[in-house]
Amino acid sequence: MNSVTPAASARSDSSQAPAADISVFDLSAMSVADRDALTVRSEADLGPFLEGAQKIIDDVRTGGDEAVARFGRTLDKADLSAAALRASPEEFAAAEGAVASDVVDAIRYAAESIRIFHERQMPEPMWRDEVRPGALAGDRTAPIPSLACYVPRGQGAFPRVLLMTPIPALVAQVPRVVVVPQPTPQGGLDAAPLLQCN
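*Asks:* Help me out: how do you make sense of the overall build of the protein in this one?
*Replies:* Counting its regular elements, the protein contains seven helices and six strands. Traced from its N-terminal end to its C-terminal end, the protein shows the element sequence β-β-α-α-α-α-β-β-β-α-α-β-α. Among the 198 residues that make up the protein, the fraction classed as buried is 19%. In the protein, once contacts between residues fewer than 6 apart in sequence are set aside, the share between residues at least 24 apart is 53%. For the protein, the exposed area adds up to about 14700 Å²; of that, 56% sits on carbon and sulfur atoms.

*Asks:* Looking at this model, I keep getting lost on unusual backbone geometry. Mind explaining?
*Replies:* Leave glycine aside and you will find that most residues have negative phi; peptide bonds, for their part, are mostly trans. Even without being a glycine, Lys 77 presents a positive backbone phi close to 55°. For Lys 77, the position within the fold is in the loop between α2 (47-75) and α3 (89-98). Positive phi is not limited to glycine here, since Gln 173 has a value of about 65°. Inspection of the secondary structure assignment puts Gln 173 in the loop between α6 (166-171) and β6 (176-181). According to the relative accessible area criterion, Gln 173 is exposed, its value standing at 63%.

*Asks:* Which parts of the structure should I look at to understand helix α4 (residues 101-121)?
*Replies:* In an α-helix, one turn spans 3.6 residues, which is why side chains three or four residues apart end up on the same side. Under the 1.5 Å per step criterion, the end-to-end length of α4 is 30 Å for 21 residues, consistent within 8% with the ideal 30 Å. For α4, every residue scored as buried is listed here: Val 104, Ile 107, Ile 114 and His 118. Seen end-on, α4 carries its buried residues on one side only, within an arc spanning 100°. In α4, those exposed residues whose orientation departs by more than 90 degrees from the buried face are Ser 101, Asp 102, Arg 108, Tyr 109 and Arg 120.

*Asks:* Can you help me understand the pairing of strand β4 (residues 135-140) in this one?
*Replies:* Sheet faces and side chains relate simply in a regular strand, where the side chains alternate between the two faces. The element β4 is largely exposed, with a buried count of zero among its six residues. Taken together, the six bridges between strand β3 (residues 126-132) and β4 define a ladder with antiparallel strand orientation. Directly across from Glu 130, in β4, lies its bridge partner Leu 136. What sits between β3 and β4 in their antiparallel hairpin is a turn of two residues, with Gly 134 showing a positive phi close to 85°.

The rules behind the values
Residues numbered from 1 in each chain as written. Predicted model: local features only at pLDDT ≥ 70, side-chain atom pairs only at ≥ 80, totals over all residues. Heavy atoms only, no water. Helix = DSSP H or I, 4+ residues; strand = E, 2+ residues; numbered from the N terminus. Buried < 20%, exposed > 50% of the residue type's maximum accessible area, 1.4 Å probe, protein only. Contact = heavy atoms within 4.5 Å. Areas by Shrake-Rupley, 256 points an atom, 1.4 Å probe, with all protein chains shown as cover. Expected span 1.5 Å × (residues − 1). Arc of directions from axis to C-beta. Pairing = 2+ DSSP bridges.

Distances and angles like these do not, on their own, reveal function.
Next comes the structure, spelled out in structure tokens:
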């Protein structure tokens, strides 16, 4: 292995911070084992996280909405009940009046732009070509059966997440799109994501 300093860092201008060294490897001079070692990524042990996630999945499978609400209370510190997991028509109606008109206009503008972009990106549902006399090859594109879109909250609402995940799915004609927003600490939902879903 040689260490090379980029030419750009050899400037006489002392105000420039020196660039980091670049590692250069002569693959033809390396053993197979050494070349293989270059391609191994360092990976964190996700086992403890997967075990915790599996416990949640198992609890939700057996406990249903009650388990989801319990985890919402525990993990999100939100005042949740199983009955409040699905947004009500009243919550959708309240969201309509709670979002400023300029924000509504911005959301609609962004949503339309995202939709147009993804419509242009859509492949043909099916194509085929005769690659040799009598030999056809092609491709068929079909939507996945369902999509769940998690909308994080943190210290506030993130309407762009709700624009960038379900809109491509709707353009792709995914039959079932479910939005899972993170609740407010009071167990409610932010108005902007509700407005977008409606």
